[in-house]
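Here is how the chains run, residue by residue.
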Amino acid sequence: MTITQIEYFIAVCKYQNFSKAAEELHISQPGISKSMRELEEECGVALFERNYNNIVITKEGEILLESAQKFMEHCHELDRTVHSLACGKAILKIGVVPMCGNTVFPRLHSDFLKAFPDIRIETIEDTASVLYDLLDQHEIDFALCVTNHLPEEHYKYYILKKSHLELFVPKSSPLSGKKTIDLNELANVPLVLFSDHFGQTKYIRRMFSLNNIHPLVLHQTSQVFTILEYIRSHVAAGFLSEEFAAQETDIVPLRVKQFPAAYINLVWAQDKARYPSVRKFIQFVKAKYPEN
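Residues numbered from 1 in each chain as written. Predicted model: local features only at pLDDT ≥ 70, side-chain atom pairs only at ≥ 80, totals over all residues. Heavy atoms only, no water.

Peer 1: What exactly am I supposed to notice about the sheet that holds strand β6 (residues 155–163) here?
Peer 2: In a beta sheet, neighbouring strands pair by backbone hydrogen bonds and run either parallel or antiparallel. The 5 strands lie next to each other as β4-β3-β5-β13-β6, forming an open sheet whose pairing is mixed. Two strands bound the open sheet, and with one partner strand each, they are β4 (120–125) and β6. Pairs of neighbouring strands in the sheet enclose a mean axial angle of 20°, with direction left out of account. Sheet topology places strand β5 (residues 142–147) next to strand β13 (residues 262–269); 5 bridges connect them, and they run antiparallel. Along β13, the bridge assignment pairs Ala-143 with Val-267. (Pairing = 2+ DSSP bridges. Helix = DSSP H or I, 4+ residues; strand = E, 2+ residues; numbered from the N terminus. Axes fitted to C-alpha atoms, helices over the stretch in contact; angles between N-to-C directions.)

Written out as structure tokens, the structure is:
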């Protein structure tokens, strides 16, 4: 069995079609069919049930697929390690949640690259749950998240700062003269929220539910820009982190009485700190955000 055969096998299982797998791998369909027959002969069992238009993975094939996927993950991790030895892991992959992606991280990103121009940063923006999955799969080196609970013990983390989730309204809003607001005052206020798969929205809905309030949600989105536009257009109020107050001077932040401060955390897998550039980034963040 070769690595090439394993790659072919995973592609065939993905599409359940030899022709589509061959197209993705840029090889001939007869070539991939021959390789799969040789793999089945080596295994001594049928890995596929072949039908007229497609194939179905057998139970034995599913067992092999699970092991093959784990093997390829280890191969990719080994490849990354080999390439990192000479350059001290000169590429950092960092995931950020939208709140950090629009406030804390851009300046941090810029300042780090000025200090370490030989280290390149690749970023991805997604929800905290997705970023933690990517950490577990070793697809990213760090996750920058905003949470009300500190990460579990098998992660390493550093708290950059505390941050409040605040309600933002346009200056013309009757609420704009307030400094703080109670959730009970928002029962009839139109709101724009992130989509329901965002942790922030789950938290907001849970807090409304605990206070027996059914919020008036006018619109939901995955974009910070859309939330800002709804607020600026005097259509709805929206929840954003307090850092937006310094950037968006045409809208007014209100501290929500029921919302305690959350933590902005830099999270990484415990074994990642062995890479030089990972250590440099951790040290840089700690210097930028010293512990209080």
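Peer 1: Looking at this model, I keep getting lost on the pairing of strand β11 (residues 237–241). Mind explaining?
Peer 2: Two faces make up the sheet, and in a regular strand the side chains alternate between them. For β11, the buried fraction is high: 5 of the 5 residues fall into the buried class. Here β11 shows no split at all, with Ala-237, Phe-239 and Ser-241 on one side and Gly-238 and Leu-240 on the other all buried. In this structure, strand β7 (residues 165–170) lies alongside β11, joined through 4 bridges in antiparallel fashion. Bridge pairing links Glu-166 to Leu-240 in β11. (Buried < 20%, exposed > 50% of the residue type's maximum accessible area, 1.4 Å probe, protein only.)

Peer 1: Would you mind going over the packing of aromatic side chains with me for this structure?
Peer 2: Each aromatic ring pair is characterised by the separation of its centres together with the angle its planes make. Applying the stated rule across the entire model yields 13 aromatic pairs. Ring plane angle 75° and centroid distance 5.4 Å describe the contact between Phe-112 and Phe-284, whose orientation is recorded as edge-to-face. A residue pair is termed long-range when its members are at least 10 positions apart, and Phe-112 in helix α6 (residues 104–115) and Phe-284 in helix α11 (residues 276–288) qualify at 172 residues. Accessibility expressed as a relative area gives 16% for Phe-284, which makes it buried. (Phe/Tyr/Trp six-rings, centres within 6.5 Å; stacked < 30°, edge-to-face > 60°.)

Just geometry here; none of it tells us what the structure is for.
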